[in-house]
Amino acid sequence: MISSGFRINESDKKLLQFIEEITINVDEVQTQVLSDILSCNAQVEYLQRHGLNGHADRETFKRVIPIVCYEDLIPDIGPLIAKGNSITSPILCTRLIKQFIRSSGTSSGVRKLIPITQEQEEKLWHFQDLVMPVISQHVPGVDKGKARNLLFVAPDSTTPGGLVASPISSFFHKSSYFKNLLRNVDPYRNFTSPIETILCEDTYQSMYTQLLCGLSQNSHVVRLGFLFASAVIQAVKFLQEHWILLCDDIRNENIAVGNTKITDPTVKKAVMNILVKPNPELADFIESECKRDESWKGILHRLWPNTKYIDAVITGTISHHISSINFYSNELPIVSNAYGFSEGLFGLNLNPLCKPNEVSYTLIPTMAYCEFLPIVDEDVQQHNNCNLEVDQHLQELVDLADVKLGREYEVVITNYAGLYRYRVGDVLRVAGFKNNAPQFNFVCRNNAVLSIEHDKTTEGELQNAVRNAFDQLMSKLNVSLVEYTSFADTSTNPGHYVLYWELQCSNNNNASITLPVFENCCFIMEESLGAEYRSLRVNNKHIGPLELKIVETGTFDKLMDYAVNQGASVGQYKTPRSVKLGPLLELLNSQVISNYLSPKCPNP
């Protein structure tokens, strides 16, 4: 596991050895994890309600405990734990619920409240500690410079029972563990951003001051960090809009000179400790780089010339940002280092410098007890069905040690914070093995994002349709796809799919693309959708022609602003691949500059 030619410190060596050991003894580790969870929670109401009394073995657990979705747990999580009853009546786990992790709701449309305990938090931080020792094997010197990581928090909410709920990124950054790491100057968390700028809940002030501090220390930066790939594009846009102000502040050593919107006194004081003296030479350098090329090709690498890689999740439906990030970074390596969701962190990329489209994650078996629901052809109709009265074979889950190479599975977890046989909703494909531990590609969310009749179009199928259309027709026109989303419009007769695209042209003129090109994009997308969609579209005429709507530049920024104003974290935000809420549809439709329909039916 440890590459030759690299000197590994003792702390990193122990963590790497830990990975080695647990990936050899996968099934034994999983058995112990489940045993620990069940022995600790043997008397909780949820397990007893389903017939599990006292300590149970794995087979008994799998026989009597049902497979559930979040919606099935609302009667327990909503009116019981969220009202504070967990302190006196253990419903899901005997450990005290510390707080809730609040999901963004961008994947399912439902904002979930996921309980978390002290034990679960400790496991999450231990997982975080594994990331950088793996990367340091492949990228020398990452512990010698600084990280310009854009980290954000969102305002907390409080349940009726007084428990805090926050996005998982906010939970991490507001924790005492994180603050102690910064105070102790962990070599892997030597950030250019002072903690005050990270904890500022005003997104604008936080973004501006973190970029300002990052630019003022640009020669020391060895990696650029973002949570999701979409945040890379957001940062570039922000720089394009504010680089003159940023230069003024660096040139004058006074944050009030360039930007009067920075009003938080603790943030200003922290930033002034970074801007210790005027730096007109650096300001001139930044100005010349921003002016040098109108397209801003390579701007991230030019402004931070010692950067070794971009750290951002790039898998799944945000992979369409790869080409844009390559353009802005001069094709620096993009490291997608970990796989997780609001319910926890589970997968580690042990080959961080692989190509973005080859990323696989090794599931760390100590994080939770994991089972896998096989995805087979007849399951397609069930992708969006959380009712467990389905075909019997759907409940025959596979253990982590028994998954097969090349097969696709939905993840089902049992964790330390009271989730039992819980369907996460992600589909993973087995790509290989690290010792005896499977490595997975992230495929998509296992839910239908579009449906008119009996058709069920999943997130992955939609992504494939958009990619096919764009690759065949748009990529040669010097046009990039900024973002996209969709809507199942049932107000027409028959109903039809609507796609919203925001494009960026080299000449900023969408009109240069002719009508037939957009119409053919509609047709290619229809050709790329599933057989049931095409049958309903062609044979039964139950679905109308697919519609493509081109929206104004900045539309998806406004969509994000709406989500952030509703409590989402800007750092954790992902564009929803389907919209249903009235305000979001109104916003999208108000920004449409042209629309097109598929000119003919696809092949059935």
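About the thresholds
- Residues numbered from 1 in each chain as written.
- Predicted model: local features only at pLDDT ≥ 70, side-chain atom pairs only at ≥ 80, totals over all residues.
- Heavy atoms only, no water.
- Axes fitted to C-alpha atoms, helices over the stretch in contact; angles between N-to-C directions.
- Helix = DSSP H or I, 4+ residues; strand = E, 2+ residues; numbered from the N terminus.
- Parallel < 35°, antiparallel > 145°, perpendicular 65-115°, else oblique.
- Left-handed = near helix turned anticlockwise from the far one by under 90°.
- Contact = heavy atoms within 4.5 Å.
- Nonpolar A, V, L, I, M, F, W, Y, C, P; charged D, E, K, R; others polar.
- pLDDT = per-residue confidence, 0-100.
- Pairing = 2+ DSSP bridges.
- Salt bridge = Lys/Arg side-chain N within 4 Å of Asp/Glu carboxyl O.
- Buried < 20%, exposed > 50% of the residue type's maximum accessible area, 1.4 Å probe, protein only.
- Expected span 1.5 Å × (residues − 1).
- Polar contact = N/O pair within 3.5 Å; in protein donor to acceptor, adjacent residues only side chain to side chain.
- Core = buried A, V, L, I, M, F, W, Y, C linked by side-chain atoms within 4.5 Å.
- Phe/Tyr/Trp six-rings, centres within 6.5 Å; stacked < 30°, edge-to-face > 60°.
- Lys, Arg positive; Asp, Glu negative; His and termini not counted.

Can you help me understand the packing of helix 11 (residues 229–252) against helix 16 (residues 322–329) in this one?
Between two packed helices, both the angle of their axes relative to each other and the distance between the axes serve to describe the pair. Relative to each other, helix 11 and helix 16 sit at 45 degrees, their axes nearing to 9 Å. It follows that helix 11 is oblique to helix 16 by the angle criterion. The way helix 11 lies across helix 16 gives a crossing that is left-handed. Contacts between helix 11 and helix 16 involve Ala229, Val232, Ile233, Val236 and Gln240 on the former and, on the latter, Ser324, Ile325 and Tyr328. For the contact of helix 11 with helix 16, a count of residues per class yields six nonpolar, two polar and no charged.

Would you take a moment to explain the confidence of the model for the chain for this structure?
Regions with low pLDDT carry predicted coordinates that are not meant to be interpreted in detail. Chain-level pLDDT for the chain is 85 on average; 90% of the residues reach the 70-or-more range. Per-residue pLDDT, averaged within each element of the chain, yields its smallest value for helix 12 (residues 255–258) (62) and its largest for helix 15 (residues 299–303) (96). Confidence over residues 1–5 falls short of pLDDT 50; this stretch has twelve contacts with residues more than four positions distant or in other chains.

What is the right way to read the sheet that holds strand 7 (residues 309–313) from this model?
As summarised here, the arrangement of the four strands in space is 3-6-7-8, forming an open sheet in which the pairing is parallel. If you trace the sheet from one side to the other, it starts and ends with strand 3 (146–149) and strand 8 (334–335), each paired once.

Can you help me understand the pattern of salt bridges in this one?
Two side chains with opposite charge may pair up if their charged atoms get near one another. Overall, the coordinates contain 28 salt bridges when judged by the stated rule. Of the charged contacts, one joins lysine 112 and glutamate 343 as a salt bridge, the two residues approaching to 3.8 Å between their closest N and O atoms. Residue lysine 112 is found in the loop between strand 1 (99–102) and strand 2 (113–116), and its partner glutamate 343 is found in the loop between strand 9 (338–341) and strand 10 (344–348); the two are separated by 231 residues along the sequence. Residue lysine 112 shares its accessibility class with glutamate 343, and that shared class is buried.

Looking at this structure, how should I read the sheet that holds strand 21 (residues 547–551)?
The strands making up a sheet associate through backbone hydrogen bonding, with each pair oriented either parallel or antiparallel. Spatially, 19-20-21-22 is the arrangement adopted by the four strands of the open sheet, whose pairing is mixed. Edge positions in the sheet fall to strand 19 (479–489) and strand 22 (592–597), since each has one partner strand and no second. The average angle at which neighbouring strand axes cross in this sheet is 25 degrees, direction not considered. Bridge analysis of strand 19 against strand 20 (residues 496–505) gives ten bridges, and the strand direction is antiparallel. Its bridge partner lying in strand 20, tyrosine 484 is registered against tryptophan 501. Sheet strands in contact with helix 17 (residues 459–474) are strand 19 and strand 20, and its direction is about 140 degrees off that of strand 19.

Which parts of the structure should I look at to understand the packing of helix 11 against helix 14 (residues 280–292)?
Interhelical geometry of helix 11 versus helix 14 gives an angle of 165 degrees and a closest axis separation of 8 Å. Viewed along their axes, helix 11 and helix 14 adopt a mutual orientation that is roughly antiparallel. When the axes of helix 11 and helix 14 are compared, the crossing they make is left-handed. Residues Trp243, Cys247, Ile250 and Arg251 of helix 11 form the contact with helix 14, whose own contacting residues are Pro280, Leu282, Ala283, Asp284, Ile286, Glu287, Cys290 and Lys291. For the contact of helix 11 with helix 14, the per-class residue count stands at eight nonpolar, no polar and four charged.

Would you take a moment to explain helix 10 (residues 203–216) for this structure?
Working note: α-helix, 3.6 residues per turn, so residues spaced by three or four point in the same direction. Compared with an ideal rise of 1.5 Å per residue, which puts 14 residues at 20 Å, helix 10 spans 20 Å between its outermost C-alpha atoms and is within 8% of the ideal. Of all 14 residues in helix 10, twelve are buried; the element is thus mostly enclosed. Of the positions making up helix 10, those classed as buried are Gln205, Ser206, Met207, Tyr208, Thr209, Gln210, Leu211, Leu212, Cys213, Gly214, Leu215 and Ser216. Between the side-chain oxygen at the start of helix 10 and the backbone nitrogen of tyrosine 204 there is a gap of 3.0 Å, and the oxygen is on aspartate 202.

Please clarify how helix 20 (residues 555–565) should be interpreted in this entry.
The complete set of buried residues in helix 20 reads Thr555, Phe556, Leu559, Met560, Ala563 and Val564. Elements that come into contact with the buried residues of helix 20 comprise helix 10, helix 11, strand 19, strand 20, strand 21 and helix 21 (582–590).

What should I look at first to understand the nonpolar core in this one?
Nonpolar side chains in soluble globular proteins generally cluster together in the buried interior. Judged by nonpolar contacts, the single largest core of 87 residues is most densely connected at Leu348, Phe372, Ile413 and Tyr420. Looking at this core, the element that brings in the most residues is helix 6 (residues 118–138), giving eight residues. Ranked by size, the runner-up nonpolar core spans 63 residues in total, among them Leu215, Ile250, Leu275 and Ala312.

Would you take a moment to explain the packing of aromatic side chains for this structure?
Aromatic rings considered in pairs are described by the distance between their centres and by the relative angle of their planes. Taken as a whole and assessed by the stated rule, the structure comprises 18 aromatic pairs. On the basis of an interplanar angle of 15 degrees and a centroid distance of 5.6 Å, the ring pair of tyrosine 46 and tyrosine 420 is categorised as stacked. Linking tyrosine 46 in helix 3 (residues 45–49) with tyrosine 420 in the loop between strand 14 (408–414) and strand 15 (422–434), this pair joins segments that are 374 residues apart in sequence. In this structure tyrosine 420 comes out as buried when scored by relative accessible area, which is 1%. Ring centres of phenylalanine 171 and phenylalanine 172 lie 5.9 Å apart, and the angle between their planes is 55 degrees; this geometry places the pair in the tilted category. By way of ring pairs, the aromatic residues Tyr339, Phe341, Phe346, Tyr361 and Phe442 are connected into one cluster.

Would you explain the pairing of strand 20 in this entry?
For a regular strand, side-chain orientation follows a simple rule: the groups alternate between the two sheet faces. Extensive coverage of strand 20 is indicated by the burial of nine of its ten residues. In this antiparallel pair of consecutive strands, strand 19 and strand 20, the connection spans six residues. Sheet topology places strand 20 next to strand 21; four bridges connect them, and they run parallel. Bridging from a neighbouring strand, tryptophan 501 pairs with isoleucine 550 of strand 21.

Looking at this model, I keep getting lost on the side chain of arginine 102. Mind explaining?
For arginine 102, the location among the structural elements is in strand 1. The side chain of arginine 102 sits in the buried core without any salt bridge; aspartate 156 is the nearest counter-charge, 5.7 Å away. A distance of 3.0 Å separates a polar atom in the side chain of arginine 102 from a polar atom in the side chain of serine 157. Excluding residues within four positions of it along the chain, arginine 102 makes contact with Arg111, Lys112, Leu113, Ala154, Pro155, Asp156, Ser157, Ala165, Ser166, Pro167, Ile168 and Gly567.

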